[in-house]
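Topology and contacts: notes
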There are 2 protein chains.
Amino acid sequence: MIGGRATRSLFERKATCRAGSNIAFIKYWGGAEVATVQAGDQPPVRGEGLNIPLNNSISMTLADAHTTTTVAWEDSANLPEDTVAIDGVQLKGSAAERVVAHLDRLRALAGVSDKARVVSRNNFPMASGIASSASGFAALTVAGAAALGLRLDATRLSAVARRGSGSASRSLFGGVVEWERGWGRGESEGGSGGAPFLRLDSALLDSRSVAHQMYDERHWALRDVIAIVSAGAKRVSSSSGHRLAATSPLNAARTACVGAWLETVRRAIAERDISLLGPVLEADALAMHGVMMTSEPSLLYWQPGTLEVLHAARAWREEEGVPVYFTIDAGPNVHLICEADAAAEVERRVSALPAVRRVLTSGPGAGPELLDGHLF
Amino acid sequence: MIGGRATRSLFERKATCRAGSNIAFIKYWGGAEVATVQAGDQPPVRGEGLNIPLNNSISMTLADAHTTTTVAWEDSANLPEDTVAIDGVQLKGSAAERVVAHLDRLRALAGVSDKARVVSRNNFPMASGIASSASGFAALTVAGAAALGLRLDATRLSAVARRGSGSASRSLFGGVVEWERGWGRGESEGGSGGAPFLRLDSALLDSRSVAHQMYDERHWALRDVIAIVSAGAKRVSSSSGHRLAATSPLNAARTACVGAWLETVRRAIAERDISLLGPVLEADALAMHGVMMTSEPSLLYWQPGTLEVLHAARAWREEEGVPVYFTIDAGPNVHLICEADAAAEVERRVSALPAVRRVLTSGPGAGPELLDGHLF
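Residues numbered from 1 in each chain as written. Chains lettered and ligands numbered in written order. Predicted model: local features only at pLDDT ≥ 70, side-chain atom pairs only at ≥ 80, totals over all residues. Heavy atoms only, no water.

1. Considerations on the overall build of chain A
In terms of regular secondary structure, chain A is built from eight helices and 15 strands. Taken across its 376 residues, chain A has 58% of its residues classed as buried. Looking at chain A alone, contacts between residues at least 24 apart form 82% of all its contacts between residues at least 6 apart. Here chain A displays about 13900 Å² of accessible surface, and carbon together with sulfur accounts for 50% of that area. (Helix = DSSP H or I, 4+ residues; strand = E, 2+ residues; numbered from the N terminus. Buried < 20%, exposed > 50% of the residue type's maximum accessible area, 1.4 Å probe, protein only. Contact = heavy atoms within 4.5 Å. Areas by Shrake-Rupley, 256 points an atom, 1.4 Å probe, with all protein chains shown as cover.)

2. A few points about the interface of chain B and chain A
Often, the extent of an interface is quoted as the loss of accessible area upon association of its parts. In this complex, chain B contributes 24 residues to the contact, which on the side of chain A involves 24 residues. For the pair chain B and chain A, the summed buried surface comes to about 2200 Å²; carbon and sulfur atoms form 72% of the total. Area buried by chain B at its contact with chain A is led by L250, L300 and H311 of chain B, which between them contribute 23% of it. Counting across the interface, chain B meets chain A through zero salt bridges. In this assembly, chain B and chain A are joined by four residue pairs in polar contact (both at pLDDT 80 or more). Secondary-structure elements contributing two or more residues to the side of chain B that touches chain A are helix 5 (251-271), helix 6 (274-293) and helix 7 (304-320) of chain B. No other element matches the eight residues that helix 7 of chain B contributes to the side of chain B that touches chain A. Grouping the constituent residues of the side of chain B that touches chain A by class yields 14 nonpolar, four polar and six charged. (Buried area = accessible area lost by both parts, 1.4 Å probe. Salt bridge = Lys/Arg side-chain N within 4 Å of Asp/Glu carboxyl O. Polar contact = N/O pair within 3.5 Å; in protein donor to acceptor, adjacent residues only side chain to side chain. Nonpolar A, V, L, I, M, F, W, Y, C, P; charged D, E, K, R; others polar.)

3. Comments concerning the packing of aromatic side chains
When we look at a pair of aromatic rings, we describe it by the centre distance and by the angle of the planes. Under the defined criterion, the tally for this structure stands at five aromatic pairs over all chains. When the centroid spacing of 4.6 Å and the interplanar angle of 70 degrees are considered together, the rings of Y28 of chain A and W179 of chain A count as edge-to-face. A residue pair is termed long-range when its members are at least 10 positions apart, and Y28 of chain A in the loop between strand 2 (14-26) and strand 3 (36-37) and W179 of chain A in strand 9 (residues 176-179) qualify at 151 residues. Residue classification places Y28 of chain A among the buried residues on the basis of a relative accessible area of 9%. Between W302 of chain A and W302 of chain B, the ring centres sit 6.1 Å apart and the planes meet at 80 degrees, which makes this aromatic pair edge-to-face. Separated into two different chains, W302 of chain A in the loop between helix 6 (274-293) and helix 7 (304-320) and W302 of chain B in the loop between helix 6 and helix 7 make up a pair that spans both. Judged by its relative accessible area of 1%, W302 of chain A is buried. (Phe/Tyr/Trp six-rings, centres within 6.5 Å; stacked < 30°, edge-to-face > 60°.)

4. Observations concerning the relation of the copies chain B and chain A
Aligned on chain A, chain B shows an RMSD of 0.0 Å; the corresponding rotation is 180 degrees and the shift along the axis is 0.0 Å. Each copy turns onto its partner about a two-fold axis. Closest approach to the rotation axis within chain B is made by the C-alpha atom of P304 of chain B, at a distance of 1.9 Å. The share of interface residues of chain B whose copies in chain A are also at the interface is 100%, consistent with both copies meeting through the same surface. (Least-squares fit on C-alpha atoms with pLDDT ≥ 70 in both.)

5. Focus on the nonpolar core
What tends to happen in soluble globular proteins is that the nonpolar side chains get buried as a cluster. If you look at the biggest cluster of nonpolar residues, it comprises 81 residues, and the most contacted ones within it are F25, W29 and L277 of chain A together with F25, W29 and L277 of chain B. Broken down by element, this core gets its largest block of residues, nine residues, from helix 6 of chain B. Grouped together as the second largest cluster of nonpolar side chains are 52 residues, V309 of chain A together with L307, W316 and L336 of chain B included. (Core = buried A, V, L, I, M, F, W, Y, C linked by side-chain atoms within 4.5 Å.)

6. Details of the packing of helix 1 (residues 93-110) of chain B against helix 3 (residues 154-164) of chain B
Packed helices, taken two at a time, are described by the angle between their axes plus the distance between the axes. Residues and elements named next belong to chain B. Between helix 1 and helix 3, whose axes approach to 9 Å, the crossing angle comes to 150 degrees. Our classification of the angle between helix 1 and helix 3 gives roughly antiparallel. Read as a crossing pair, helix 1 and helix 3 show a hand that is right-handed. Mapping the contact onto sequence places R98, H102, R105, L106 and L109 in helix 1 and V160, A161, R163 and G164 in helix 3. Considered class by class, the residues forming the contact of helix 1 with helix 3 number four nonpolar, two polar and three charged. (Axes fitted to C-alpha atoms, helices over the stretch in contact; angles between N-to-C directions. Parallel < 35°, antiparallel > 145°, perpendicular 65-115°, else oblique. Left-handed = near helix turned anticlockwise from the far one by under 90°.)

7. Observations concerning the sheet that holds strand 14 (residues 358-362) of chain B
All names here are of chain B. Pairing in this open sheet of four strands is antiparallel, and the strands run 12-13-11-14 from one edge to the other. Either end of the sheet is taken by a strand with one partner, and the two such strands are strand 12 (325-327) and strand 14. Adjacent strand axes in the sheet meet at a mean angle of 25 degrees when their direction is disregarded. Examined bridge by bridge, strand 11 (residues 222-228) and strand 13 (residues 334-339) share six bridges and lie antiparallel to one another. Considered in strand 13, the bridge of D224 is made with I337. Here helix 6 sits on the sheet and contacts strand 11, strand 12 and strand 13; the angle it forms with strand 12, its principal contact strand, is near 35 degrees. Along the sheet face, helix 7 touches strand 11, strand 12 and strand 13 and points at about 20 degrees away from the line of strand 13. (Pairing = 2+ DSSP bridges.)

8. Section: the environment of R357 of chain B
Residue and element names in this part refer to chain B. By the element assignment, R357 lies in the loop between helix 8 (340-351) and strand 14. A relative accessible area of 63% means that R357 is categorised as exposed. Through-space distance from the C-alpha of R357 to that of V229 is 5.5 Å; in sequence the pair is 128 residues apart.

9. Some thoughts on the packing of helix 2 (residues 132-147) of chain B against helix 3 of chain B
Residue and element names in this part refer to chain B. Running from N to C, helix 2 and helix 3 point in directions that differ by 125 degrees, and their axes come no closer than 9 Å. When the interaxial angle is binned, helix 2 and helix 3 end up oblique. The element helix 2 and its partner helix 3 pack so that their crossing is right-handed. Here helix 2 contributes F137, A138, T141, V142 and A145 to the contact with helix 3, which in turn contributes L157, V160, A161 and G164. Residues of the contact of helix 2 with helix 3, tallied by class, amount to seven nonpolar, two polar and no charged.

Structure below.
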């Protein structure tokens, strides 16, 4: 069960959750949408919309980049439609539909037809390379389920959150987290060619493609120094981008590498070895952006400031010995990963770069927490 | 034979050649250095240093980005060492050695031990994504061979120039040029897996991995509007970078795509169809940079200004219908490819971008030309 400081009546029907975003060391990019998903003897279904990843991914949950979400369920006689506000703005169109589809999943689990009022706040800019959908769908899942009185463990909640946003499955846990793709010929990582045999079904609580905690937040004092170079919204959302991965001629080559990279990252984290972790971070991020750039249509998430930070970080490391490495999500901002004792120096340097508008630093955080107060 | 306006005495021993750079539509990146090169029944030799490419490439020779080189041979009693000046600077170290190694090839062909004075001038910044080595080694080869009285056709000169710099093989011809990799199981392009059987030997004049002209410079009035965003020299030269291609996990995936891309480019050029050519240009350039970024060490040739131009060009095309497409060589500058009637508009727009320091526009040019005058 998700931790919370208050006991809650089943009849309150309102709950608030704060969940941390996460930064992936090995990325999730591209799902098994076009493959067939089959569970045991049941008829196969298409993987589309299930957010089943092509490869396992590993992330660190962030303490200081989080989303706080209140969900209040009301009888549809009183509230005819779901309403969703994020950072003070009422969602409309496809963004609203994505949240409503997730509320539908919670309604289906609870067997209710109530509507929800959802109010959500991020403490960082949305849609710019910090995974707001990860923390957002994790918080929505936990708050929504709690307010409905659903008694689900974090693993089951991870499976539900995954349906809203793949990377949200990882934000159900604190510390260092691995999300198992949950399908394939028994391997636990990327594996190589051949038609995938997906062992997963489409049930909401299927616990195969879910995340688990590798180490809690005290294992390794890493820091993510996030250089925000542009707060503008992305032209292509991550969820659309995932569907394009398969159109890149480089995609299969990247996923074929991921198995070895996962092994290295697991070992680097076990041994708390930044010089082992760092080069793999950079390689996987660059490979993912290589896939993005060569998909059809081509996704070019980087901005001029992105490259300014990349070149600076490499120069600091190679010419001055600062132990810092970069990774980049589906956006222009650069995540500079270092150990705690280097963070102040990295922050100082990155803040001085002309293209950097804001710097946000986070260490590893705990899993989602239910809060006493509500956002309305 | 290479065109020239003057007849030249075999005894003059001095010649000047102007050769155009070229912009590749399908790139040369990565050579068959580690493969074994075998010709007929002769013992196999290593491909290293032969500049035998992994894939065919296609380029347009540029009229207005060129190198002019004078080579004067003198008895080694008078001139004990080769001397090489480029843009007024005497070359030293590895840069000088690379030119001397090429002079050695010309000496071997002529059976002489004379030394050379080489003076060369580019009309564009060196080592910044305009192929100065292409025009430079083409001009050096033609001038050096002419001054030695070697009577070689352009195909043989292409094979010699290739040894100095792979892309120089293409600058031996005007218009649109294809460089055949010249090895493999009979295919004329990239092909797929399997151990390559190289049909090429290491002879200087071997005419298998050489370029040929597809169309002369009057076939299609394309323009290369070159946005120079940084005139700084590269930290890693292309010739070093080629050796790193094989270390990228994405390299094989790119070369596997090139066969189809070559077909499309050949058709687009035959039909003078910019909307067919453009997307392939961009895809191959981005795939090549994906390979570069993920090699070990990682090569990040782009600068902030590079991305400013890429985003601008896409916005002009997608939002305003300007028919312009980009490609990028091993450097930060962006080559905007369009038809002649769009060039003024593209020039105007690109000149207004803050990151662009200089704009150089070129149409298709003729092959190398021997000139009457000399640079000293």
